[in-house]
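The residues making up each chain are set out below.
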Amino acid sequence: MLKDLQQEIMRLKKERDVCILAHSYMSEEICEVADFTGDSYALSLKARTAPQSTVVMCGVRFMAETVKMLSPEKKVILANPDAGCPMAEQMDKELISQVKESLPGYTVVAYVNTTAQLKTVCDVCVTSSSAVKICRAIPSDNILFIPDINLGTYVKKQIPEKNFKLLSGGCPTHARMTKADVLKAKTAHPEALFLVHPECRPEVTELADYVGSTTGIMDYAEKSDKKEFIIGTENAIVQHLQFRCPDKKFYPLSKDLICHNMKITTLADVYGAVVGESGEEMVMDEQTRLAAVKCIEKMIEYGG
Ligand code: 13P
Ligand code: SF4
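This one's a predicted model, so the numbers in the text were calculated from it and none came from an experiment.

A. Expanded view of the pairing of strand β5 (residues 107–111). Within β5, 5 of the 5 residues are buried, which leaves it mostly tucked inside the rest of the structure. Burial along β5 is two-sided: Thr107, Val109 and Tyr111 facing one way and Val108 and Ala110 facing the other are all buried. By the bridge criterion, 4 bridges tie β5 to strand β7 (residues 142–146) in an arrangement that is parallel. Within the sheet, the bridge partner assigned to valine 108 lies in β7 and is leucine 144. In this sheet, strand β6 (residues 124–126) lies alongside β5 in parallel orientation, the contact comprising 3 bridges. Paired with valine 109 across the bridge in β6 is valine 124.

Okay, here's the thing in structure tokens:
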């Protein structure tokens, strides 16, 4: 039944010239029908080069908006319209415009997990895999980093020579993790390396053997000689890694490390989006797109 639906999606996406992009937090069954699976940065790059006329984004709203910004000529569909990222909704254009007025000369660096509207008043975007590189590369010593205080704190620590102002936004899923969760997991699995996403609190990332994006964590675990890993990001990554590396063992940092927004997209949604029966087509006025895409283009320029 599942295989039948997957095969039908594979057939239809070719017939209808559809590219399916899936964030790494999607389920295994969605990743299997995707043309490309990766972290936010890799998905942004793919959005520009995918040859198909339609893109179905299996992820959250800001990811579909990013695809539309980079490929305005394409039809871009968010597979499940209810899939939003709570962090992306935490700060709006009006708030950040006010904060900017009080910090003249600061470069506004926005995590890509922000709305298109907010991006219109920012200077450069970053993702979790590119944030340190880009903040180092930008020709400014004064950075207002929004919205994630945990990613901002992590980046600031790597670049002590620059001056960072942080605001108190963040990912509710990753920020739930505590030092006590890490110590419990390490006690249960003393041989395991601890790999973590920088959206976690400093008390958690400080205990890690590796800090990186979803793709970074997967690459690290796949290439490592070690056999056991505690995974400090959304639990879909535990499942993908166990599937790819059956000879290794992967443990979730916590059973609570689940992003319900990422989980609501189903294979049925993907089918519906490919055949045009469900999903939401991204519509963006050209003025907003042009103002917002500048900081995504800067991210790609500095990020390489
Ligand atoms: P990545 O940049 O690792 O894809 O992370 C995106 C995200 O939403 C993490 O919560
Ligand atoms: Fe947003 Fe956090 Fe979910 Fe990522 S894991 S989509 S940052 S709520």
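Once the structure has been displayed, the description carries forward.
B. Inspection of the side chain of lysine 13 at higher detail. Counting through the fold element by element, lysine 13 comes out in helix α1 (residues 2–15). A distance of 2.9 Å separates a polar atom in the side chain of lysine 13 from the backbone oxygen of valine 33. Beyond its immediate sequence surroundings of up to four residues, lysine 13 is in contact with Val18, Ile20, Val33, Ala34, Asp35 and Val274.

C. Region of the structure containing the site of ligand 1. Near ligand 1 you find His23, Tyr25, Asp39, Ser40, Asn113, Ser128, His174, His197, Glu199, Ser213 and Thr214, and these make up its full shell. In this structure, an oxygen atom belonging to ligand 1 sits 3.3 Å away from a side-chain N or O atom of tyrosine 25. In the model, an oxygen atom of ligand 1 is placed 3.0 Å from a nitrogen or oxygen of the histidine 197 side chain. Judged by its atoms lying within 2 Å of the grid points, ligand 1 is housed in the largest cavity. Split into classes, the residues belonging to the shell around ligand 1 amount to 1 nonpolar, 8 polar and 2 charged.

D. Quick peek at the sheet that holds strand β1 (residues 18–23). Strand order across the open sheet formed by 5 strands is β2-β1-β3-β4-β13, with mixed pairing between neighbours. Two strands in the sheet have a free side with no partner beyond their single neighbour: β2 (36–38) and β13 (280–281). In the sheet, strand β3 (residues 54–58) pairs with strand β4 (residues 75–78) via 4 bridges, with the strands oriented parallel. Each residue of the ladder has a partner; that of valine 55, found in β4, is valine 76.

Conventions and cut-offs
- Residues numbered from 1 in each chain as written.
- Chains lettered and ligands numbered in written order.
- Predicted model: local features only at pLDDT ≥ 70, side-chain atom pairs only at ≥ 80, totals over all residues.
- Heavy atoms only, no water.
- Buried < 20%, exposed > 50% of the residue type's maximum accessible area, 1.4 Å probe, protein only.
- Helix = DSSP H or I, 4+ residues; strand = E, 2+ residues; numbered from the N terminus.
- Pairing = 2+ DSSP bridges.
- Polar contact = N/O pair within 3.5 Å; in protein donor to acceptor, adjacent residues only side chain to side chain.
- Contact = heavy atoms within 4.5 Å.
- Near = heavy atom within 4 Å.
- 1 Å grid on protein atoms, 1.4 Å probe; cavity = no way out; pocket = protein on both sides within 12 Å on 5 of 7 lines; lining within 4 Å.
- Sits in = over half its atoms within 2 Å of the grid points.
- Nonpolar A, V, L, I, M, F, W, Y, C, P; charged D, E, K, R; others polar.

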